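# Understanding the architecture of this molecule
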Amino acid sequence: MDETAERLLGSASRLSRDPETEIDWDAPLGDGYGMSPEWSTLYGTPYWDELTEAQQRELTRHESASVATTGIWFELILQQMILRDVYDKPPRSAEFQWALTEIADECRHSIMFAKASGRLVEPAYRPRLLARELGRVFKTVATGETAYAAILVAEEVLDVMQRDWMRDRRVEPLVRTVNHIHVVEESRHMVFAREETRERLAGAGRGRRWVSALVIAIAADMIVSSMVSREVYANVGLDAERAVREAQRNEHHRSLLRTSCANLMDFLGSVGLLTPAAARVYRRTGLL
């Protein structure tokens, strides 16, 4: 693990980004989308077709702000789990120093997401109370492969959608820059999470893998279901009940999620964390 950590530390020293200096936070915003419209939770539904282009753009800006806030929420969970994990590790070790480097990255990302969402829209979004309270429990008790595989799930889901957004010239330039910075730095974090998951599972028995797989799947369900708040729809003047109903049945969006998580599911299967019980949760969530 120290060898991987040394390599990631070298990558961080060469490729780390500073949103404070790379983004002109005072530059006026244009009228671009907040995400690629195809990633909107309503894209492909009858409700989407009823919206004007201006309404569609506004919806994606609110959805993007909500996704960013969910990212902040999970990054706070991630930082606390990593700090607990390295509490007793030797400070001189590459693994300890990489862990603090990753936390420093996540701190910058959280500030960046907070500032970007504040520029995009007026309302401030948060995951629902149940998700926040379950997250409070999860960050306190999750260890080993349960913590690191859950980190990987959150990062993988965001990574694919943000790669699309950062390349899409229809998307607001501020959002594209934020996503590019996040994608570049999160690639290192995903490498580390995969290595830690493999290492923690070495010698793990069938029962432990079954429990860990189910806990990780439930965490994934909570993360994905928290990405777009139902308040988004009301804040852009839509019928929230109808919007939530159509979003939940939106096969186009579920298909995008499944495609984005194909490599993740292959990895979980390869390490014994895609049990039948976990797979049922992923199917319900739309990740499988």
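Located above this text is the structure these notes cover.
As the structure is a computational prediction, the values presented were derived from the model and not from experiment. (Residues numbered from 1 in each chain as written. Predicted model: local features only at pLDDT ≥ 70, side-chain atom pairs only at ≥ 80, totals over all residues. Heavy atoms only, no water.)

## Quick notes on the overall build of the protein chain
Convention followed: A helix here means a DSSP run of H or I that spans at least four residues, while a strand means a run of E at least two residues long, and both kinds are numbered starting from the N terminus. Radius of gyration here is computed from C-alpha atoms only, and the compact-globule reference equals 2.2 Å multiplied by the residue count raised to the power 0.38. Exposure is judged per residue with a 1.4 Å probe applied to protein chains only, and the accessible area is read against the type maximum: over 50% gives exposed, under 20% gives buried, and values in between give partly exposed.
In terms of regular secondary structure, the protein chain is built from 14 helices and 0 strands. Ordered by position from the N terminus, the helices and strands of the protein chain form the series α-α-α-α-α-α-α-α-α-α-α-α-α-α. In terms of overall size, the protein chain behaves like a compact globule, its C-alpha atoms giving a radius of gyration of 19 Å where 288 residues would be expected to give roughly 19 Å. Considered along the principal axes of its C-alpha atoms, the protein chain spans approximately 55 × 45 × 30 Å. Taking all 288 residues of the protein chain together, 56% fall into the buried category.

## A word on the pattern of salt bridges
Note the following rule: For this document, the term salt bridge refers to a Lys or Arg side-chain nitrogen within 4 Å of an Asp or Glu carboxyl oxygen.
Under the criterion given, the structure shown has 23 salt bridges. Between Arg-136 and Glu-133 there is a salt bridge whose closest N-O contact spans 3.3 Å. Of this pair, Arg-136 and Glu-133 are both found in helix H6 (residues 129–141), 3 residues apart, which corresponds to roughly one turn of the helix. Overall, Arg-136 belongs to the partly exposed group, its relative accessible area being 46%. Taking relative accessible area as the criterion, Glu-133 reaches 35% and is therefore assigned partly exposed. For Glu-185, the salt bridge is made with Arg-188, and the minimal N-O distance between the two is 3.8 Å. Residue Glu-185 and its partner Arg-188 are located together in helix H8 (residues 173–200), separated by 3 residues, close to a single helical turn. With respect to burial, Glu-185 and Arg-188 carry one shared label: buried. Residues joined by salt bridges that share partners form a network here, namely Asp-105, Arg-108, Glu-185 and Arg-188.

## Examining helix H12 (residues 251–260)
Going by this rule: Regarding the arc, it is the one traced by the directions from the helix axis to the C-beta atoms. Throughout, a contact is declared for two residues whenever any of their heavy atoms are within 4.5 Å. Whenever two N or O atoms come within 3.5 Å, that pair is a polar contact, provided that in protein one can donate a hydrogen and the other can accept it, and provided that, for residues adjacent in sequence, both atoms are side-chain atoms.
Considered for burial, the residues of H12 that qualify are His-253, Leu-257 and Ser-260. Buried residues along H12 cover an arc of 65° about the axis, so they all sit on one side. Here the buried face of H12 lies against helix H7 (144–167), helix H9 (206–226), helix H13 (262–270) and helix H14 (276–285). Sitting at the head of H12, Asn-250 places a side-chain oxygen 3.1 Å from the backbone nitrogen of His-252.

## Re the nonpolar core
Quick note on the threshold: What we call a nonpolar core is a set of buried Ala, Val, Leu, Ile, Met, Phe, Trp, Tyr and Cys residues that are connected through their side-chain atoms within 4.5 Å.
The biggest cluster of nonpolar side chains holds 80 residues, and the ones touching the most others in it are Leu-42, Leu-59, Tyr-233, Tyr-282 and Leu-287. Sorting elements by how many residues they give to this core places H7 first, with 12 residues. Beyond its immediate chain neighbours, meaning those up to four positions away, Leu-59 contacts Ser-40, Leu-42, Trp-48, Leu-51, Val-232, Tyr-233, Val-236 and Leu-238. In terms of nonpolar packing, the next biggest core, distinct from the first, is built from 10 residues, Ile-72, Ala-116, Leu-174 and Ile-181 among them.

## Quick word on the packing of aromatic side chains
Filter applied, for reference: Two rings from Phe, Tyr or Trp (for Trp, the six-membered ring) form a pair when their centres are within 6.5 Å of each other. A pair whose planes differ by under 30 degrees is stacked, one over 60 is edge-to-face, and the rest are tilted. Consider the ring centre and the ring normal. A charge sits over the ring if Lys NZ or Arg CZ is within 6 Å of that centre and within 35 degrees of that normal.
Overall, the coordinates contain 4 aromatic pairs when judged by the stated rule. Each ring, one from Trp-73 and one from Phe-74, has its centre 6.4 Å from the other, and the planes form 70°; the classification is edge-to-face. When sorted by exposure, Trp-73 lands in the same class as Phe-74, which is buried. What links up through ring pairs into an aromatic cluster is the set Trp-98, Tyr-148 and Phe-192. Above the plane of the ring of Phe-267 lies Arg-194, whose end atom (NZ or CZ) is 4.8 Å from the centre.

## Describing H9
Quick reminder of the rule: An expected span of 1.5 Å times one less than the residue number is assigned to each helix.
The terminal C-alpha atoms of H9, which comprises 21 residues, lie 30 Å apart, in line with the 30 Å expected from a rise of 1.5 Å per residue. Within H9, burial applies to Ser-212, Ala-213, Ile-216, Ala-217, Ala-219, Ala-220, Asp-221, Met-222, Ile-223, Val-224 and Ser-226. Those residues of H9 hidden inside the fold are in contact with helix H4 (53–86), H6, H7, H12 and H14.

## Digging into the packing of H4 against helix H5 (residues 94–120)
This is how the line gets drawn: Helix axes are fitted only over the stretch in contact, all axes being lines through C-alpha atoms; the angle between N-to-C directions runs from 0 to 180 degrees. The scheme is simple: roughly parallel for angles under 35 degrees, roughly antiparallel for over 145, roughly perpendicular for 65 to 115, oblique for anything else. With the far helix as reference, a near helix turned anticlockwise by less than a right angle produces a left-handed crossing, and one turned clockwise produces a right-handed crossing. Classification convention: Asp, Glu, Lys, Arg as charged; Ala, Val, Leu, Ile, Met, Phe, Trp, Tyr, Cys, Pro as nonpolar; all other residues, Gly among them, as polar.
Running from N to C, H4 and H5 point in directions that differ by 160°, and their axes come no closer than 9 Å. On the basis of the axis angle, H4 is roughly antiparallel to H5. When the axes of H4 and H5 are compared, the crossing they make is left-handed. Each residue belonging to the contact of H4 with H5 can be placed in one class, and the counts come to 15 nonpolar, 5 polar and 4 charged.

## A word on the packing of H4 against H7
Between H4 and H7, the least distance of the axes is 11 Å, while the angle of their chain directions is 150°. Taken together, the axes of H4 and H7 are roughly antiparallel relative to one another. The handedness of the crossing between H4 and H7 comes out as left-handed. Within the contact between the two elements, H4 uses Ser-64, Val-67, Phe-74, Leu-78, Met-81, Ile-82 and Asp-85 and H7 uses Ala-147, Tyr-148, Ala-150, Ile-151, Ala-154, Glu-155, Leu-158 and Trp-165. Among the residues making up the contact of H4 with H7, the classes are represented as 12 nonpolar, 1 polar and 2 charged.

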